[in-house]
Structure formats: structure tokens, C-alpha cells
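Residue-level structure breakdown
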Amino acid sequence: MAVVMNMTVRRPSFSALLTRLRDRSPGLGASLLGGVIAAGLGLGCFSVLVMALWVSSPYPDSGPGGALHLAAALWLLAHGVELVRIHTLSGVPAPVGVTPLLLLVVPALLVYRGAREAVDAPDGAGADAPPVRARTAWTGVVTGYLGVGGCVALYASGGELRPVWGWVAVCLPLLATGAAGAGVWTAYGRPREPLPSLVRVLPGAVRRLLSGRDTRVRWGTAVRASLAGTVVFFGGGTTLLAVSLVGHGDATRASFLQLTAGWTGRCAVLLLCVCLVPNAAVWSASYAVGPGFALGAGHLVNPLASDRAPFLPPFPLLAAVPVNGPGTPVNWLAGAAVPVAAGVTVAWFVVKRTAERQWTTGRTAGVVTLAALLCGLLLAALAGLAGGPMGVSGLTRFGPVWWQTGTATAVWLVGVGVPTALAVRKWRGWGIASLAAWLGLGSTTTAENRTEENGTEESRTAKRRTAERRTAERRAAKRRTAEKRTADRRAEKRRRAERRAAEKQAAKRQRAEAAERRTTEKRTGERSEPSTPVASAAPLPGQGGGDTFEEWYEALPAEPYPVPPVRPFPAPPADPYGGPSAEHREAPAARHPYAPLSAEPGTPPSAAPLPDPWQDEVARRAGWEALREVSEPGDGVGGS
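The structure reproduced in this document is the subject of the present report. Because the structure is predicted, anything quoted here is derived from the model rather than measured. (Residues numbered from 1 in each chain as written. Predicted model: local features only at pLDDT ≥ 70, side-chain atom pairs only at ≥ 80, totals over all residues. Heavy atoms only, no water.)

**What to know about helix α4 (residues 64-77)**
Its 14 residues place the ends of α4 20 Å apart at the C-alpha level, agreeing with the 20 Å of an ideal helix rising 1.5 Å per residue. Residues of α4 that are buried: Ala67, His69, Ala71, Ala72, Ala73, Trp75, Leu76 and Leu77. Of the surrounding elements, those touching the buried residues of α4 are α3 (28-56), β1 (83-85), β2 (94-96), α6 (134-156), β3 (161-163) and α7 (165-187). (Helix = DSSP H or I, 4+ residues; strand = E, 2+ residues; numbered from the N terminus. Expected span 1.5 Å × (residues − 1). Buried < 20%, exposed > 50% of the residue type's maximum accessible area, 1.4 Å probe, protein only. Contact = heavy atoms within 4.5 Å.)

Structure follows, in C-alpha cells:
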């Protein structure tokens, strides 16, 4: 029997399960919606751009369906997904794997912003409502974004450019999780607590390498130095690209005009060149560190030699490639200047923290090496995204090789950064004499120099403490500023929600009152009028329908204005012809305010009411007219 009861128990509905899940994880629905909106905005941007070019094209080779398929494929390509072009002249599908790095910024920023906004308390929450949990916000944004991404990949599979599902399964989750994690971390004020928890996931040997004194400071310094070195490499590559484009100006202009003749096509080519400028900058940085880049299988371009493929299509950015032949001293100097500047920058960032923390020579060299490795990893990732296949056969290798670029970058930074950091550390710590002795050009072993070194040590300790205190104050001020901004943003959102709720309640109340009034009118069959109507608006007797008197009578207030006392008529003068005097004559009786109009002035009103209702209404109206004449200034007898 118990088994039968368990099998026949009614299962909870799907809506009840959703409600229970929402109650357990508040903010999950808003986070899902944020991820969907982020994906929709990115896809909408690409769709608008492609449709605008399709509409303005004088000879489009496909309909609006083909344009939308192309927009979906470009959206996937912006995430790093490799595409395959089905229809080719040779009949062999050709891969397209070069991701425009400028397009990569669009989805990354949208996911980052959506995750940061998902942390705020949901609408309708109270003033003291806590923010959404980091795990809930991150999960919701990533799930919503990946759901839309899967649908876009399915739709793009029916077009001419089709995505490779292996790349879809790797690139979409990688970008969504990384950007959403950065957004949630920023919304919580960039706390440092999650970083040690990530270190615990690593293997034991790596964890022991990362542990030790000043681990957080060393890693923070290395990360900042590596980012600075990456910026220098990117800026140096952009400079080399600009100089080469100016030097090959005629070839660049000829290739731009050769591609298309219409203004629509030229605008499209110009837009494509702008999107590929970051790629060309990374290619130039790889050229500067030594490995260079490939323009087809077996055709490499580096500072030592340039071997361009013979059948490259005309393109403005490809016109900046050096001509075929061995490299010149100009190419060598241009290639060496960029990594040397990056190495000096990394060393300067590390030495600046070395003076504050009083690191030893080995620790300083270790931090520079760690920064070089991190910068090499960043350049390798950028090189992998900036290059890829552009076809089959000779175009299977197009762009820099990622592992060669990363290795060469790390070697350059270690070779330039470590000696520079140690030399600057000696010079800043003990002066030029100690630097000369360290280089083997002198000796500083006297007692005076030792006393000088002790005083310098004390001053360095005081400086280090001052720097630590200032750093703590800056961090505290930055944390307070972030908390204040978060609180202001939540308060503004809460005020908007309260204002919208008040407006909704007011509108709901007005609709309820209107509905109640309509119900009352339908039930009574009469339209409601104001409680005190204007007297002049009342119909005259005998006008309108048969219920005119009853309606006018019901419209009168329940208690009319008080009737002022009527003064008696003055006594007439004495009759000169011998009539009775004023003392023997009786004063005429005051006229009753509700007496009929046909009554004589001296006739007293009858005690009984008038039997005729029409005459009674006429008397009532006459009384109201008399009261109006008395109460209104400037009219009637009492007016002036």
C-alpha cells in the first residue's frame, strides 16, 4: 500500500520547481537575463553592420538570409571560433581562422558589463538587501550567454561560413567564463581572497614554488610588470606597422584601389583593415622579437630575411611587408629596439618595488624572470589569436607561430630585464661607487663606506615603512571608493524601483476607482454627478423629460444655506386726507421666502403646504433666486 501511495503522489509542477529554485538562489533569473542580453547586444551589433553593408551594396550576391548567416558567423569568429568556407573554386572547403582582435573586444566587454550589473540586488529588494552571490551571478550570466551562443552556432551551420564545433565548445565557454569572472570580481571591489583559493588547486610542486614570504607582493609586481611589457610590445608593433605603411604608401594605395571600385566596397575594405590593425600590430611585435610571421607555408618574414608568397591577394596591410631579400641593418635595429624597450620597462617596474620591499639580488632576478614568463604567455596567446589558416595548401599557415613568439619574448625580457634590474638596484641602493665596485671597477671596504651603508640601510627601512603605509592607505581609499560607488549604484537602482512601484500603485488605484465608478453607473443606470452642482445648470421647470423636477430636487444639497431674516417693511407716512395714522395701521406681514409668486405682499403664508407639486417647485426656485440676489454682491437689492 505504501508503494502504491508513493507512486500515486502528485509530483510538483515545473512552475513550483522554478519558484523554489528562485527562492533558494535570488538573483539567478536576473543573471540569466543579463547573459542573454549581453549575447543579444553583440549579435545585434554585427547584424546591423552586415545588413547596412548589404543594403548599400549595388550588387549583393545573396539575400537577407545570407546576410544574417554571415552576421552570425562573424559573431562566432569574434570569439575565436574557426570557420569553414564551403563553396570554393576548387571545391575543397577552406578554413578561416584569423580572428580580428578588435572584434574580440565587443563580446568581452558586453559579458564583463553584464556580470558586473548582475551582482546588484534585484528590483524590489529592500534598502538593506545584500548583493547577489558571486557564484549565482557568474553562473547565471555564463549560462544565459552560452545558451544564446549555442543557438547562434546552430543557425550559422546553415550558411556558407560554418563553424567548427570543436572550436565552438572551447572558445565560447572560455571567453564567457573569463569575462564574467572578471566582471563579478570587479563588482565585489577586486578582493584578494579568491586568489589564494586558486593557488590551492595547483599541484604541490607549483604550490610550493608560489608560497613563501611576500608571495602576494611578488606576484602582483610580476603581473603589473608583464602587463606593462605587453603594452610596450603592442605599442612598438603598432609603430613599426605605421612606419612600414608610410614607407610603402604607393603600394598600399594601389592595393586599396585595386580591390574594389565602388564606395560601398571601399568602405567595407577600410572597415576590415581597421579591425585587423591589432592583428598586424601583434605580427609586427613577433617580427621584432625574431620569429616573425608566415605568409603561407614555407614563406617566413623576419628581420634576417623576407620571403613573401608569390600569389598573395592585394590587401593594404599586406603591402607593408618588407620586400623579398635578406634583412638590412635598419630591419635589425627596428627589430631590436622594441624588445629592449620592453625589457627596460619590466625592469623598472620590478626595481621600483624592490626599493620598497628591500628584496635581495636573487629575489629581484626571480621577479623579473616571472614577469618575463607571464609576458611571454600573453604574447603567445595574442599571436595564436592573431594568426591562423586562411585556406588550404599554401595558406594553411598565416601569421606568427604562437609558441615561437612566446619563447622569444621571454628570452628577450630575461636577457635584457635581469641585468638592467640588478644594475638599477645597485645604483639606487648604494650609489655609483658601489655600482662601479659591483662591476669590478673599484673597492668600497673602508669603515666610512660601511658606516654610510648602515645609514643608508636605516633610511631604506624608513622609506619602506612609509611606502607600505602609503600603499595601505591607497588601498583602503580605493576600497572605500569602490564600496561607495556600489552603494550609490544600488541606492539609485532602489529609488528607481520604488518610484516605479509607486507609479504602478497609483495607476492601479486609478483604474480600480474608474472600474468601481463604471460599475456603479451600470448598476444605477445614471451617471454620477458632483455632490454640489451649479444652480444655473439646473433645467427650468417643464423642460427635459418627465423626471426633470425629481432630478433637480435630488441635485439640491441636503441642507441649504441658512435663510437670512427678512426685514419688515417700513411704516408708511401719515395720510394727509385723514386716514388712520401709522400707529393705528398694522405693518404688512413679511413675505414668506417660499410663498408663491402670485401671493400679495401683505398676505401671510398658509400653514399647509401647497397641494400642487409644480407650484411647490416654482416656489422653491423663487426662494433660491431670492437667496442668490441677497448673497451675491453687486446684484439685486442688497448690491452696491
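Moving on from the coordinates now.
**Concerning the packing of helix α13 (residues 277-289) against helix α14 (residues 329-357)**
The contact between α13 and α14 brings their axes to 7 Å, and the two run at 105 degrees. Overall, the two elements α13 and α14 adopt an arrangement that is roughly perpendicular. Together, Tyr287, Ala288 and Val289 of α13 and Asn331, Gly335, Ala336, Val338 and Pro339 of α14 make up the contact between the two elements. In the contact of α13 with α14, the residues fall into 6 nonpolar, 2 polar and no charged. (Axes fitted to C-alpha atoms, helices over the stretch in contact; angles between N-to-C directions. Parallel < 35°, antiparallel > 145°, perpendicular 65-115°, else oblique. Nonpolar A, V, L, I, M, F, W, Y, C, P; charged D, E, K, R; others polar.)

**Describing a nonpolar patch on the surface**
Judged by side-chain polarity, Leu102, Val105, Leu109, Leu270 and Val274 come together as a nonpolar surface patch covering roughly 420 Å² of accessible area. Counting residues per element, the ones that place at least two in the nonpolar patch are α5 (101-118) and α12 (263-275). Considering each element in turn, the nonpolar patch owes the most residues, 3 residues, to α5. Structurally, the position occupied by Val105 is in helix α5. (Patch = residues over 30% accessible without salt bridge, like charges linked within 9 Å, V, L, I, M, F, W, Y side chains within 5 Å. Areas by Shrake-Rupley, 256 points an atom, 1.4 Å probe, with all protein chains shown as cover. Salt bridge = Lys/Arg side-chain N within 4 Å of Asp/Glu carboxyl O.)

**Describing the sheet that holds strand β6 (residues 305-306)**
Taken together, 5 strands build an open sheet; the order of strands is β7-β6-β5-β4-β8 and the sheet is antiparallel. Each edge of the sheet is formed by a strand with only one pairing partner; in this case those strands are β7 (325-326) and β8 (398-399). α13 rests against β4 (293-295), β5 (300-302) and β8 of the sheet, and its axis sits at about 115 degrees to β4. (Pairing = 2+ DSSP bridges.)

**What about the nonpolar core?**
Counting residues in each nonpolar core, the largest one holds 31 residues, and the members touching the most others are Trp75, Leu76 and Tyr145. Elements that contribute at least two residues to this core include exactly α3, α4, α5, α6 and α7. Setting aside its immediate chain neighbours within four residues, Trp75 contacts Ala39, Gly42, Leu43, Phe46, Tyr145, Gly149, Val152 and Leu172. Membership of the second largest hydrophobic core comes to 28 residues, among which are Ala288, Val350, Ala365 and Ala371. (Core = buried A, V, L, I, M, F, W, Y, C linked by side-chain atoms within 4.5 Å.)

**Comments concerning the sheet that holds β3**
Strands sit in the order β2-β1-β3 across an open sheet of 3 strands; the sheet is antiparallel. Only two strands of the sheet have a single neighbouring strand rather than two, namely β2 and β3. Here the strands of the sheet are splayed against their neighbours by 35 degrees on average, with no regard to which way each runs. Direction of pairing for β1 relative to β3: antiparallel, over a ladder of 3 bridges. Note on β3: the bridge partner recorded for Val84 is Arg162.

**Examining the pattern of salt bridges**
Summed over the entire model, instances satisfying the criterion amount to 7 salt bridges. Of the charged contacts in the structure, one is a salt bridge between Glu117 and Arg113, with a shortest N-O distance of 3.2 Å. A residue pair is termed a helical-turn pair when its members lie 3 or 4 positions apart in one helix, as Glu117 and Arg113 do in helix α5 at 4 residues. Of the residues examined, Glu117 reaches a relative accessible area of 28% and is grouped as partly exposed. For Glu492, the salt bridge goes to Arg496, with nearest N and O atoms at 3.8 Å. Of this pair, Glu492 and Arg496 both sit in helix α17 (residues 447-524), separated by 4 residues, roughly a single helical turn. A single salt-bridge network, built from bridges that share partners, covers Asp120, Arg489 and Arg490.

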